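# Observations on the three-dimensional arrangement
Given next are the chains, with one letter for each unit.
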Amino acid sequence: MKILWQSKTATVAEAFRLGPDKVAMNGGNAYDVQAALALRRHYDVAIDPFPIRRKENVLRYWWRMSRYIAPADLLIMEPFPVVYGKRVPGQRSIAMIHHIDPVIRSSSIYHRWYFDRLIERTCACDRVVTVSAYWRDYFLGMGCRNVEIIYNAFDPALYRIPGFDARAFRARFSLPEDKPLVYIGNAIREKGVYDVYEALKDLPYHLVMTGAANRAPDLPVQYLRLDRSDYLGLLRSADVVIAYSQMIEGWNRIAHEALLSGTPVVGSGTGGMRELLRGGGQPEVGSPAELREAVDMVLRERPVYSSKGYEYVRQFDLAYFDRRWKEVVEQTISSS
């Protein structure tokens, strides 16, 4: 059986070919590559090169995709190929949707049309895979059937490597040892970094943010651009991680990886993140005014929050991820 994974971004194809550790990716792309690689252990799987968007406008992309018949028994499609792609009778399909952004959806007539068509065509697929109960319930409410949750997953062993020297890590990046280290996430306004700074700026914490680029350059917070290894070092070195995203999250990989590292998380709980926080026994805050008390509470009882979080997320390991994706594919190809 031939399976083609369809994505509009060349990053997914490149990471599938070279390995996920060789290519910088956002969380959604990293998940999708991980899923395609997991399925390759059981089936004939490839990244379909045709749906990768070239330097072309939407109409040209749509025209091109509408004439393409993918040579596969099963298509696993990310949103753009769902909206603009073509499926033929007898060809099985799985829509892989992490989340839908209501802000973007309401930003233009085109985006309203795009997301309405995405939902309609997602519901026409044989199965839908998403990453949290929040989005499963959303798609069921939109009339989709056969909606499956496959949670983000990681290898827990990579987050508890013995011999890590947090003091040396802090020294290398000029992070003070005499203040609690608070990692506030990606340097993007939508991730809540401005709200976090305003809430905590007069407290004796050292705040740090990361990302491929500093999109909050006016914020007086230390910014680090880290490779994967040093990013994991930061998660282990931090006393607490704040995930105060204002976006409707699919899940939250930063929070998930922090908990695997034994670092507690304070989060906004938007979208699927709420399930992650509640499952891991972490504080959820509804407004910036609640951040001060929540961070103080976590720092005072850090071992408790650390243990609860790790015990919850360690179940989502690579064996779980492999098993769930194989189950969903088998269910899809065997359904009539």
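Structure: above.
The structure contained in this document is the topic of the report that follows. Bear in mind the structure is a predicted one, so any value in this text is a computation, not a measurement. (Residues numbered from 1 in each chain as written. Predicted model: local features only at pLDDT ≥ 70, side-chain atom pairs only at ≥ 80, totals over all residues. Heavy atoms only, no water.)

### Observations regarding the state of the cysteines
In plain terms, the rule: Note that a disulfide, as used here, is simply two cysteine sulfur atoms within 2.5 Å. For helices the rule is a DSSP run of H or I covering at least 4 residues; for strands it is a run of E covering at least 2, with both sets numbered from the N terminus onward. Relative accessibility thresholds used throughout: buried, under 20% of the residue-type maximum; exposed, over 50%; partly exposed, between the two (1.4 Å probe, protein chains only).
Under the defined criterion, the tally for this structure stands at one disulfide. Shown here is the disulfide that connects Cys123 with Cys144, its sulfur atoms set 2.0 Å apart. An S-S torsion of about -75 degrees defines the bridge between Cys123 and Cys144 as left-handed. One end of the pair, Cys123, is in helix α6 (residues 109–123); the other, Cys144, is in the loop between α7 (133–141) and β6 (147–149), with 21 residues separating them in the sequence. Judged by its relative accessible area of 4%, Cys144 is buried. You can see Cys125 has no disulfide; the closest cysteine sulfur is in Cys144, sitting 8.4 Å from it.

### Topic: the sheet that holds β6
Our working rule: Pairing between two strands requires that DSSP report at least two bridges joining them. Only the stretch in contact is used when a helix axis is fitted, and all axes are lines through C-alpha atoms; the angle between N-to-C directions ranges over 0 to 180 degrees. In what follows, a contact means two residues having at least one pair of non-hydrogen atoms within 4.5 Å.
If you walk across this open sheet you meet the six strands as β2-β1-β3-β4-β5-β6, and the pairing is parallel. Edge strands, defined here as strands with exactly one partner in the open sheet, are β2 (44–47) and β6. In this sheet, adjacent strand axes meet at a mean angle of 20 degrees when their direction is disregarded. Note: strand β3 (residues 74–77) against strand β4 (residues 92–96), four bridges, orientation parallel. Bridged to Leu75 within β4 is Ser93. Contacts from helix α15 (residues 318–334) reach β1 (2–6), β3, β4, β5 (127–130) and β6 within the one sheet, and its direction differs from that of β4 by about 140 degrees.

### A few points about the nonpolar core
Side chains of nonpolar character tend, in soluble globular proteins, to be buried together. Using the following cut-off: Among the buried residues, those of types Ala, Val, Leu, Ile, Met, Phe, Trp, Tyr and Cys that are joined through side-chain atoms within 4.5 Å form a nonpolar core.
Membership of the largest hydrophobic core comes to 62 residues, with the highest contact counts inside it found for Ile76, Tyr183, Phe321 and Trp325. Among the elements that make up this core, the one with the highest residue count is helix α2 (residues 27–40) (seven residues). Once you skip the residues sitting within four places of it in the chain, Tyr183 turns out to touch Val208, Met209, Thr210, Tyr231, Leu234, Leu235, Ala238, Val240, Val241, Ile242 and Ile254. Within the second largest apolar cluster, 26 residues are counted, among which are Met65, Ala95, Leu118 and Cys125.

### Some remarks on the pattern of salt bridges
Keep this limit in mind: Here, a salt bridge means any Lys or Arg side-chain nitrogen found within 4 Å of an Asp or Glu carboxyl oxygen.
This model, assessed by the stated rule, comprises 22 salt bridges. The partner of Arg172 in a salt bridge is Asp230, and the shortest N-O contact between them spans 2.7 Å. Linking Arg172 in helix α8 (residues 166–172) with Asp230 in helix α10 (residues 228–237), this pair joins segments that are 58 residues apart in sequence. Classification of Arg172 as exposed rests on a relative accessible area of 52%. With a relative accessible area of 14%, Asp230 lands in the buried category. Note that Glu257 and Arg228 form a salt bridge whose closest N and O atoms lie 2.5 Å from each other.

### Let's talk about the packing of aromatic side chains
Test applied: Pairing of aromatic rings covers Phe, Tyr and the six-membered ring of Trp, with a centre-to-centre limit of 6.5 Å; geometry is then stacked below 30 degrees between planes, edge-to-face above 60, and tilted otherwise. Two thresholds decide whether a charge sits over a ring: the Lys NZ or Arg CZ must be within 6 Å of the ring centre and within 35 degrees of the ring normal.
Applying the stated criterion to the full structure yields 27 aromatic pairs. Look at Trp5 and Trp325: their rings are 5.7 Å apart centre to centre, the planes differ by 55 degrees, and that puts the pair in the tilted class. Residue Trp5 is located in strand β1, and its partner Trp325 is located in helix α15; the two are separated by 320 residues in the primary sequence. Measuring from ring centre to ring centre gives 6.2 Å for Tyr84 and Tyr114, while their planes differ by 40 degrees; the resulting arrangement is tilted. Here Tyr84 is found in helix α4 (residues 79–84), whereas its partner Tyr114 is found in helix α6, with 30 residues between them in sequence. You can call Tyr84 buried: its relative accessible area is 1%. What links up through ring pairs into an aromatic cluster is the set Tyr61, Trp62, Phe80, Tyr84, Tyr110, Trp113, Tyr114 and Phe115. A cation sits over an aromatic face here: Arg54 above Phe50, 5.8 Å from the ring centre.

### Description of the packing of α2 against α15
For the record, the criterion: Roughly parallel refers to an angle under 35 degrees, roughly antiparallel to one over 145, roughly perpendicular to one between 65 and 115, and oblique to any angle outside these ranges. The classification used treats Ala, Val, Leu, Ile, Met, Phe, Trp, Tyr, Cys and Pro as nonpolar, Asp, Glu, Lys and Arg as charged, and all other residues, Gly among them, as polar.
Taken N-terminus to C-terminus, the directions of α2 and α15 make an angle of 75 degrees; their axes are 9 Å apart at the nearest point. In terms of orientation, α2 and α15 fall into the roughly perpendicular class. Every residue of α15 that contacts α2 at Tyr31, Gln34, Ala35, Ala38 and Leu39 is listed here: Leu318, Phe321, Asp322, Trp325, Lys326 and Val329. Considering only residue class, the contact of α2 with α15 consists of eight nonpolar, one polar and two charged.

### Comments concerning the sheet that holds strand β11 (residues 265–267)
Strand order in this open sheet of five strands is β9-β8-β7-β10-β11, and the pairing throughout is parallel. Strands at the two margins of the open sheet, each flanked by one partner only, are β9 (222–224) and β11. Sheet twist, expressed as the average angle between the axes of neighbouring strands with direction ignored, equals 25 degrees. Sheet topology places strand β8 (residues 206–210) next to β9; three bridges connect them, and they run parallel. When the bridges of β9 are listed, Val208 appears paired with Gln222. Running at roughly 135 degrees to strand β7 (residues 181–186), α10 makes contact with β7, β8 and β10 (240–243) of the sheet.

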